[in-house]
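Summary of structural features
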Amino acid sequence: MILSPDIDKSTYSGVIYQKENLDSVLLNLTLAMPIEYTKNEGKIYIKPIKK
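First, a word on scope: everything that follows refers to the structure included in this document. (Residues numbered from 1 in each chain as written. Predicted model: local features only at pLDDT ≥ 70, side-chain atom pairs only at ≥ 80, totals over all residues. Heavy atoms only, no water.)

Of the pockets and cavities examined, the largest pocket occupies roughly 440 Å³. Along its surface, the largest pocket is lined by 17 residues, and Tyr12, Ile16, Leu29, Ala32 and Met33 are the ones closest to its centre. Among the elements that make up the lining of the largest pocket, the one with the highest residue count is helix α1 (residues 22–32) (four residues). Of the residues assigned to the lining of the largest pocket, the class counts are twelve nonpolar, three polar and two charged. (1 Å grid on protein atoms, 1.4 Å probe; cavity = no way out; pocket = protein on both sides within 12 Å on 5 of 7 lines; lining within 4 Å. Points joined across faces, edges and corners; volume = space filled by probe spheres on them. Helix = DSSP H or I, 4+ residues; strand = E, 2+ residues; numbered from the N terminus. Nonpolar A, V, L, I, M, F, W, Y, C, P; charged D, E, K, R; others polar.)

What follows is about unusual backbone geometry. One non-glycine residue, Glu41, lies in the positive phi region at around 50°. When you line up the elements, Glu41 lands in the loop between β2 (35–40) and β3 (43–48). Residue Glu41 is classed as exposed on the basis of its relative accessible area of 77%. (Buried < 20%, exposed > 50% of the residue type's maximum accessible area, 1.4 Å probe, protein only.)

Before going further, it helps to spend a moment on the sheet that holds β3. In spatial order, the strands read β1-β3-β2; together these three strands make up an open sheet with mixed pairing. Looking along the sheet, the strands with just one partner apiece sit at the ends: β1 (2–3) and β2. Pairing analysis gives two bridges linking β1 to β3, with the strands arranged parallel. Each residue of the ladder has a partner; that of Ile2, found in β3, is Tyr45. (Pairing = 2+ DSSP bridges.)

This is the structure:
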């Protein structure tokens, strides 16, 4: 997982169940935080949504 250097450094908390798949976790993160992600060649890139 690669985080953009301009990602918000705020702290968030929540629960992630071990049975959840990665796509579900990433989707829930986008619903809770102003981020978006892309997958490319086995890597996940997370960056803030531009306002």
